[in-house]
Amino acid sequence: MKNLYSLPADGAEFESFCGGNLNGEHESCVDVGSIPGTASVFVLRDSKPEGAGLELRFTEGELNDFAIGWAKKQGLAL
């Protein structure tokens, strides 16, 4: 598998998933975007200022495994 961090993320369009805070300018969000030119590689970043510039990268399969595992552990319905 190719090193996901070697792929440029320039031009990625992010969607924000927010919650757990007081809304407004200090809302806690996780931004997720597909890396352009890839079929299924994603970059995740933190919206808070102290997380600026930090990111994690995952394949679609890895993200799906995480989401399903997290939902099950928390007792959430999919």
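For the structure itself, look to the data block above.
Residues numbered from 1 in each chain as written. Predicted model: local features only at pLDDT ≥ 70, side-chain atom pairs only at ≥ 80, totals over all residues. Heavy atoms only, no water.

> Could you give an account of the nonpolar core, with specific residues and numbers?
Counting 6 residues, the largest nonpolar core consists of Leu4, Leu7, Ala9, Ile35, Val41 and Val43. Not counting residues within four places of it along the chain, the set of residues in contact with Val41 comprises Leu4, Leu7, Gly33, Ser34, Ile35 and Phe58. (Core = buried A, V, L, I, M, F, W, Y, C linked by side-chain atoms within 4.5 Å. Buried < 20%, exposed > 50% of the residue type's maximum accessible area, 1.4 Å probe, protein only. Contact = heavy atoms within 4.5 Å.)

> A description of the pairing of strand E2 (residues 29-34) should follow, citing residues and the corresponding values.
Of the two faces of E2, the one holding Cys29, Asp31 and Gly33 is buried and the one holding Val30, Val32 and Ser34 is not buried anywhere. Bridge count for strand E1 (residues 14-18) against E2 is 5 bridges, and the pairing is antiparallel. Counterpart to Cys18 in the pairing with E2 is Cys29. Bridge count for E2 against strand E3 (residues 41-46) is 5 bridges, and the pairing is antiparallel. Bridging from a neighbouring strand, Val32 pairs with Leu44 of E3. (Helix = DSSP H or I, 4+ residues; strand = E, 2+ residues; numbered from the N terminus. Pairing = 2+ DSSP bridges.)

> Describe the state of the cysteines, and please don't skip the residues or the numbers.
Chemically, a disulfide is nothing more than a covalent bond linking the sulfur atoms of two cysteines. Evaluated as defined, the whole model comprises 1 disulfide. Bridging Cys18 to Cys29, the disulfide has an S-S length of 2.0 Å. Torsion about the S-S bond of the Cys18 and Cys29 cystine: about 105°, corresponding to right-handed handedness. Note that Cys18 is positioned in strand E1 and Cys29 in strand E2, a separation of 11 residues in sequence. Take Cys18: its relative accessible area is 46%, and that puts it in the partly exposed class. (Disulfide = S-S within 2.5 Å.)

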